[in-house]
Amino acid sequence: MRIGELSERTGTPRRLLRYYEEQGLILPDRCANGYRSYDERLVDRVLQIRGLLDAGLPTRIIKQILPCLDKPRRIHFSDATPEMIATLENERDRMTQRIECLTRNRDAIADYLDAVLSNNTAS
């Protein structure tokens, strides 16, 4: 697919997709005419990158953990500094807390809906 389609399917501006390419986060193929050609699997990859960026991770760390999102995994430990490990541990813990909060909120909404729907059917 061309960059415009990837942009549309992921909600990511073309400029950001080019930036991801410059950072080595995505690697499009090149057609004979020089145009970029994006594999279907890059739709999910771009969404994963955006999620990690939204979570506050810098691109240099995202580039290192992207292999963990692939199968088979090819994990490289050559530059896993104590700072990077601490950053990832903090981010993991922050995500866990957010997941727990979202789960509680989802359950509260489900309970409320159950009560409202039960009340409406009893009337």
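Thresholds, definitions, all that
- Residues numbered from 1 in each chain as written.
- Predicted model: local features only at pLDDT ≥ 70, side-chain atom pairs only at ≥ 80, totals over all residues.
- Heavy atoms only, no water.
- Helix = DSSP H or I, 4+ residues; strand = E, 2+ residues; numbered from the N terminus.
- Rg over C-alpha atoms; globule rule 2.2 N^0.38 Å.
- Contact = heavy atoms within 4.5 Å.
- Buried < 20%, exposed > 50% of the residue type's maximum accessible area, 1.4 Å probe, protein only.
- Axes fitted to C-alpha atoms, helices over the stretch in contact; angles between N-to-C directions.
- Parallel < 35°, antiparallel > 145°, perpendicular 65-115°, else oblique.
- Left-handed = near helix turned anticlockwise from the far one by under 90°.
- Nonpolar A, V, L, I, M, F, W, Y, C, P; charged D, E, K, R; others polar.
- UniProt positions renumbered as here; feature names shortened; annotations may be inferred.

**Q** Could you give an account of the overall build of the chain, with specific residues and numbers?
**A** A tally of regular secondary structure across the chain gives 5 helices and 2 strands. Order of helices (α) and strands (β) in the chain, N terminus to C terminus: α-α-β-β-α-α-α. Relative to the globule expectation of 14 Å for 123 residues, the C-alpha radius of gyration of the chain, 20 Å, shows a markedly less compact shape. Principal axes of the C-alpha set define a box for the chain whose edges measure 70 × 40 × 25 Å. If you take every contact in the chain between residues at least 6 apart in sequence, the share linking residues at least 24 apart comes to 49%.

**Q** Break down the environment of C31 for me, citing the residues and quoting the values.
**A** For C31, the position within the fold is in the loop between β1 (29-30) and β2 (36-37). The exposure class assigned to C31 is partly exposed, which follows from its relative accessible area of 35%. For the pair C31 and M95, spaced 64 residues apart in sequence, the C-alpha separation works out to 39 Å.

**Q** So what's going on with the packing of helix α1 (residues 3-10) against helix α3 (residues 41-54)? Which residues, and what values?
**A** It is at 10 Å that the axes of α1 and α3 come closest, and there the two elements cross at 55°. As far as their axial angle goes, α3 and α1 are oblique. Every pair of crossing elements has a handedness; the one defined by α1 and α3 is right-handed. Side by side, α1 and α3 meet where L6, R9 and T10 of the first sit next to L42, V43, V46, L47 and R50 of the second. Its residues assigned to classes, the contact of α1 with α3 shows 5 nonpolar, 1 polar and 2 charged.

**Q** Go over the UniProt feature "domain: HTH merR-type" (unreviewed entry) in the chain, please, and point to the residues and values.
**A** Mapped onto this numbering, the UniProt entry annotates "domain: HTH merR-type" (unreviewed entry) at residues 1-68. As annotated, residues 1-68 comprises 56% helix and 6% strand, and the C-alpha atoms at either end are separated by 25 Å.

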